[in-house]
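# Structure assessment
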Amino acid sequence: MSNLASSPQPDPCAAEIRSAPVIEGHPAREAILGPGLKLRRALPTTGRRLVGPWCFLDHFGPIAYESGKPVDVAPHPHIGLQTVTWLIEGELLHKDSLGYESLIRPGELNLMTAGRGIAHSEETPPQNSGRIHGVQLWVALPDIERHVAPTFNHYDSLPVVQFEGGRATTIIGELAETRSPATAYSPIVGAQLIVDDRASLALPLDSGFEHALVVLEGVIHLEGHKLLPGTLYYLGMGRGTLRLKGEGLVRAMLVGGAPFGEQVLMWWNFVARTPEEIAQAREDWLRRRRFGEVRGYAGARLEAPALQGHPGTRR
Ligand code: MN
């Protein structure tokens, strides 16, 4: 999916890392995807641009629809990142310039590694359940890996750890001695947490990671705070155990990783380091170079927005 920012956002990541446990609430922004699907963008926000290598988090739905395609994102390019698509309800169809076509359903993972460049489309398939609820996240690739050849992987099943009071699905990286089969390029965790109604869950964390929580359904009580959907809760580092209490059926995304330690530039669908790279990627998309063509999508591809001003201006 696409981040339609009109100018690149510098990421003063190093200054924001909290080495001790905190609970910082950063309200998500409302954004519109494709023909009109409202979503909540929890990363990047003004106060928080990275959590470990995670640089983008969209939460869409839940919605019910009777006809049409609530998700219809025409072919567009990416560089320098991985996209992580995870559904709670419904289905999405991915097509990319490597020739992969992949239908994703709840409990499965679509992982696209853009590396030096890929293009893809994402849409509601013709045969559908009439509902959609999910998340899409981006992982910034570290400098030494960000020019790798593009790849796409679909994972049918992921490890689930049962705890007293709930369970966790390890989508990417490692959590509670389970490891996702998904390929990761830096120390990372991305997991779906389920906490039973009025239950307590003690989740072991890597205390050397930064973490954040986004509640998708229900309410979480954490250290005297009430965590609700629509906000990214940055947790800092240094917690070996996260003690959550659920209210209602709770579903949440846990994201984290070792502090990324690199400044990234994000513009449109590109994660880069310099304004020149972004301008080059935009030019290559315009001139139909580098990214290849997405076959089988009915419609025109997305045009890149205009570059406004000098894309590398540090603010
Ligand atoms: Mn995309």
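Bear in mind the structure is a predicted one, so any value in this text is a computation, not a measurement. (Residues numbered from 1 in each chain as written. Predicted model: local features only at pLDDT ≥ 70, side-chain atom pairs only at ≥ 80, totals over all residues. Heavy atoms only, no water.)

## What about the overall build of the protein chain?
For the record, the criterion: Helix and strand definitions here come from DSSP, where helices need a minimum of 4 consecutive H or I residues and strands a minimum of 2 consecutive E residues; each element is numbered from the N-terminal end. The atom set for the radius of gyration is the C-alpha atoms, and the globule formula is 2.2 Å times the number of residues raised to the power 0.38. For every residue, the accessible area obtained with a 1.4 Å probe (protein chains only) is divided by the maximum for its type, and the residue is called buried under 20%, exposed over 50%, and partly exposed between those limits. For this analysis, residues touch if any pair of their heavy atoms sits within 4.5 Å. To be clear on the numbers: accessible area is Shrake-Rupley with a 1.4 Å probe, and residue cover counts the displayed protein chains and nothing else.
Across its full length, the protein chain carries 2 helices and 24 strands. In terms of overall dimensions, the protein chain is globule-like: its C-alpha atoms have a radius of gyration of 19 Å, near the 20 Å expected for 315 residues. Each principal axis of the C-alpha distribution contributes one length, and for the protein chain these read about 55 × 45 × 30 Å. The buried share among the 315 residues of the protein chain stands at 57%. Summarising the internal contacts of the protein chain: among those between residues at least 6 apart in sequence, 74% fall at separations of at least 24. Surface accessibility of the protein chain: about 12,600 Å² in total, with carbon and sulfur atoms responsible for 49%.

## Examining the sheet that holds strand β13 (residues 151–155)
Counted only if it meets this: Between any two strands, at least two bridges found by DSSP are needed for them to pair. Where helices are involved, their axes are fitted lines through C-alpha atoms of the stretch in contact, as for all axes, and angles between N-to-C directions lie from 0 to 180°.
Here we have 7 strands laid out as an open sheet, ordered β3-β4-β5-β12-β7-β10-β13, and antiparallel in their pairing. Strands at the two margins of the open sheet, each flanked by one partner only, are β3 (29–33) and β13. Taken pair by pair, the neighbouring strands of this sheet meet at an average axis angle of 20°, ignoring direction.

## Focus: the sheet that holds strand β6 (residues 72–78)
The strand order across the open sheet built from 4 strands is β6-β11-β8-β9, with neighbouring strands paired in antiparallel fashion. Of all strands in the sheet, those with a lone pairing partner are β6 and β9 (101–104), marking the two edges. Going across the sheet, the axis of each strand differs from the next one's by a mean of 20°, ignoring polarity. When strand β8 (residues 92–96) meets β9, the two strands line up antiparallel, connected through 4 bridges. The partner of Leu93 across the bridge, within β9, is Leu103.

## Things to note about empty space enclosed by the protein
Note the cut-off: Here a cavity denotes a set of grid points, spaced 1 Å apart and computed over the protein atoms alone, in which a 1.4 Å probe fits but from which it cannot get out, and a pocket denotes an open set meeting protein on both sides within 12 Å along at least five of seven lines; residues with an atom within 4 Å of a point are reported as lining. Grid points are joined across faces, edges and corners, and a volume is the space filled by probe spheres set on the points.
For the structure on display, the rule yields 3 cavities of 30 Å³ or more. Each pocket or cavity is described by its volume, and for the largest cavity that value is around 60 Å³. Lining of the largest cavity is provided by Thr83, Thr85, Leu92, Leu93, His94, Ile104, Asn110, Met112, His120, Glu122, Gln136 and Phe152. Secondary-structure elements contributing two or more residues to the lining of the largest cavity are β7 (81–89), β8, β10 (109–113) and β11 (118–123).

## Let's talk about the side chain of Thr169
Summarising the element assignment, Thr169 is placed in strand β15 (residues 166–175). Here Thr169 falls in the buried class, since its relative accessible area comes to 9%. Setting aside anything within four residues of it in sequence, one finds Thr169 in contact with Trp86, Leu158, Pro159, Val160, Gly190, Ala191 and Gln192.

## Some words on the confidence of the model for the protein chain
Put simply, the rule is: pLDDT is defined as a per-residue confidence score from the predictor, taking values between 0 and 100.
With 93% of its residues at a pLDDT of at least 70, the protein chain reaches an overall mean of 93. Across residues 9–15, where pLDDT falls below 50, the model places 21 contacts with residues more than four positions away in sequence or in other chains.

## A few points about the packing of aromatic side chains
Heads up, the condition is: Centres within 6.5 Å are what make two rings of Phe, Tyr or Trp a pair, Trp counting through its six-membered ring; a difference in plane orientation under 30 degrees is then read as stacked, over 60 as edge-to-face, and the rest as tilted. In this scheme, Lys NZ or Arg CZ marks a charge over a ring once it lies within 6 Å of the ring centre and within 35 degrees of the ring normal.
On inspection of all chains with the given rule, the structure shows 7 aromatic pairs. Aromatic side chains Tyr100 and Phe152 sit 5.6 Å apart centroid to centroid with 40° between the ring planes, which places their arrangement in the tilted category. On the criterion of sequence distance, the pair formed by Tyr100 in the loop between β8 and β9 and Phe152 in strand β13 is long-range, its members being 52 residues apart. Taking relative accessible area as the criterion, Phe152 reaches 6% and is therefore assigned buried. Taken together, the ring pairs in this structure connect Trp267, Trp268, Phe270, Trp285 and Phe291 into an aromatic cluster. The ring of Tyr234 has Arg48 sitting right over it, with the charged end atom 3.5 Å from the ring centre. In this arrangement the basic side chain of Arg301 is found over the ring face of Trp285, its NZ or CZ atom lying 3.9 Å from the centre.

## Structural notes on unusual backbone geometry
Here the amide bond leading from Leu43 into Pro44 is cis, since omega sits at -10°, within 30 degrees of zero. At the junction of Gly61 and Pro62, the peptide bond is cis and its omega measures out at 5° in the coordinates. Relative to the helices and strands, Pro62 resides in strand β5 (residues 54–64). Despite not being glycine, Ala176 has its phi angle at roughly 45°, a positive value. Take Ala176: it is sitting in the loop between β15 and β16 (178–179). With a relative accessible area of 23%, Ala176 lands in the partly exposed category. In this structure, Glu177 is a non-glycine residue whose phi angle is positive, near 65°. Structurally, Glu177 can be placed in the loop between β15 and β16.

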